[in-house]
Amino acid sequence: MLIRVPDPADLPALRALERAAGEGFRALGMAPVADDEPPSPALLTEYQQAGRALAAYDTDRPGEPPRGYLLWDRVDGCAHIEQVSVHPERARRGIGRTLIDRAERASGLPALTLTTFADVPWNAPYYARLGFRRLAADTLTPGLRAIRAHEAELGLDRWPRVCMRREAGAHGRSRSVRHIMCR
Ligand SMILES: CC(C)(COP(=O)(O)OP(=O)(O)OC[C@H]1O[C@@H](n2cnc3c(N)ncnc32)[C@H](O)[C@@H]1OP(=O)(O)O)[C@@H](O)C(=O)NCCC(=O)NCCS
């Protein structure tokens, strides 16, 4: 698996990938999430040009479109994962975890943050397995509060959502070894 900034020609494939990855929400009674439009081509281009998009290419199948991708933003001094999706045909092989670890290193920032559904097995419980911890609502930085407010406006709070954070380098180590606050 090769992880790198996607080629511009592969951006449409990321939208198809996202639709396929979202289908799993339907079985949980979360059809509006499954039906949510993927990021627009213009937005994907912005992330790609800023180097804040990562795509997973299957090295055994050169020329095929990416099978996973991640978008991140800088929010209050941390790398905020805006989206991570893996095609269901390639799920549960470590692609999601590898994309997240690569975003941590590529950003060079002291922590990763994200918002996600609390009760969806491949959301908050998955991130907890990857070393993310839940943030109490009253500890959110201004940028994270704004993101949560926007999500509530979009109707996502119909299902419980949480903010989570992982210190850079903390996965697999004791958290007390390294704990750096974001500015
Ligand atoms: C979340 C996601 C990116 C994980 O990608 P992945 O490459 O399959 O994940 P990894 O291989 O790194 O980790 C696998 C673990 O994820 C969790 N997981 C993935 N798919 C799952 C599913 N359908 N049901 C339950 N747990 C699941 C499990 O903990 C699994 O570990 P296990 O196989 O030992 O049980 C992928 O499931 C996805 O694209 N989901 C839909 C989009 C989404 O919800 N994105 C996150 C938005 S915040």
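Scroll up to find the structure this text is about.
Cut-offs used in this document
- Residues numbered from 1 in each chain as written.
- Predicted model: local features only at pLDDT ≥ 70, side-chain atom pairs only at ≥ 80, totals over all residues.
- Heavy atoms only, no water.
- Helix = DSSP H or I, 4+ residues; strand = E, 2+ residues; numbered from the N terminus.
- Buried < 20%, exposed > 50% of the residue type's maximum accessible area, 1.4 Å probe, protein only.
- Contact = heavy atoms within 4.5 Å.
- Near = heavy atom within 4 Å.
- Polar contact = N/O pair within 3.5 Å; in protein donor to acceptor, adjacent residues only side chain to side chain.
- Areas by Shrake-Rupley, 256 points an atom, 1.4 Å probe, with all protein chains shown as cover.
- Nonpolar A, V, L, I, M, F, W, Y, C, P; charged D, E, K, R; others polar.
- Pairing = 2+ DSSP bridges.
- Axes fitted to C-alpha atoms, helices over the stretch in contact; angles between N-to-C directions.
- Expected span 1.5 Å × (residues − 1).
- Core = buried A, V, L, I, M, F, W, Y, C linked by side-chain atoms within 4.5 Å.

K.L.:
Hey, could you run me through the overall build of the protein in this one?
P.N.:
When helices and strands are tallied, the protein shows 6 helices and 7 strands. Seen in sequence order, the protein has helices and strands lined up from the N terminus as β-α-α-α-β-β-β-α-β-α-β-α-β. Judged by the C-alpha coordinates and their principal axes, the protein covers about 45 × 35 × 30 Å. With 183 residues in all, the protein has 46% of them scored as buried. Residue pairs in contact within the protein that sit at least 24 positions apart in sequence constitute 69% of those at least 6 positions apart.

K.L.:
Explanation requested: the site of the ligand in the structure shown.
P.N.:
Neighbouring the ligand are 21 residues; Val86, Arg92, Gly94, Tyr126 and Arg129 lie closest to it. One nitrogen or oxygen atom from the main chain of Val86 is found 2.8 Å from an oxygen atom belonging to the ligand. Between an oxygen atom of the ligand and a main-chain N or O atom of Gly96, the distance comes to 2.8 Å. Protein contacts shield 78% of the accessible area of the ligand, which totals 920 Å² for the unbound molecule. Only strand 4 (78–86), helix 4 (95–107), strand 5 (111–117) and helix 5 (124–129) provide two or more residues apiece to the shell around the ligand. Of the residues that constitute the shell around the ligand, the class distribution is 10 nonpolar, 7 polar and 4 charged.

K.L.:
So what exactly am I meant to see when it comes to the environment of Val5 here?
P.N.:
With respect to the helices and strands, Val5 occurs in the loop between strand 1 (2–4) and helix 1 (11–22). For Val5, a relative accessible area of 31% translates into the label partly exposed. Val5 sits 44 residues away from Gln49 along the chain, and the two C-alpha atoms are 8.8 Å apart. In contact with Val5, other than residues within four places in its own chain, are Gln48, Gly51, Ala53 and Leu54.

K.L.:
So what exactly am I meant to see when it comes to the sheet that holds strand 6 (residues 133–135) here?
P.N.:
The strands making up a sheet associate through backbone hydrogen bonding, with each pair oriented either parallel or antiparallel. Read across the open sheet, the 7 strands follow the order 1-2-3-4-5-7-6; overall the sheet is mixed. Each end of this open sheet is capped by a strand with a single partner; those strands are strand 1 and strand 6. Recorded for the sheet is a direction-independent mean angle of 30° between the axes of neighbouring strands. Two elements, strand 4 and strand 5, share 2 bridges in a ladder whose sense is parallel. Paired with Ala79 across the two strands is Leu112, which belongs to strand 5.

K.L.:
Quick question: what am I supposed to make of helix 4 here?
P.N.:
Helical periodicity: at 3.6 residues per turn, an α-helix aligns residues three or four positions apart in one direction. With 13 residues, helix 4 ought to run about 18 Å at 1.5 Å a step, and its terminal C-alpha atoms sit 18 Å apart, in line with that. Among the residues of helix 4, those classed as buried are Ile95, Gly96, Leu99, Ile100, Ala103, Glu104 and Ser107. A positive phi of about 65° marks Gly108, the residue just after helix 4.

K.L.:
Any chance you could explain the nonpolar core here in plain terms?
P.N.:
Of all hydrophobic cores here, the largest spans 23 residues; its most connected members are Leu70, Ile81, Leu99, Ile100, Tyr127, Phe132 and Met164. Among the secondary structure elements, those contributing two or more residues to this core are strand 2 (53–57), strand 3 (68–75), strand 4, helix 4, strand 5, helix 5 and strand 7 (161–167). When near neighbours in sequence (up to four residues on either side) are disregarded, Leu99 contacts Ile3, Leu54, Ala55, Ala56, Gly68, Tyr69, Leu70, Val84 and Ser85. Ranked by size, the runner-up nonpolar core spans 8 residues in total, among them Leu14, Leu44, Ala53 and Leu71.

K.L.:
Explanation requested: unusual backbone geometry in the structure shown.
P.N.:
Trans peptide bonds make up most of the peptide bonds, and negative phi angles are found at most residues other than glycine. Its identity is not glycine, yet Asp76 carries a phi of approximately 50°, on the positive side. Take Asp76: it is sitting in the loop between strand 3 and strand 4. With a relative accessible area of 25%, Asp76 lands in the partly exposed category. Despite not being glycine, Arg92 shows a phi value in the positive range, around 60°. Tracing the backbone shows Arg92 in the loop between strand 4 and helix 4.

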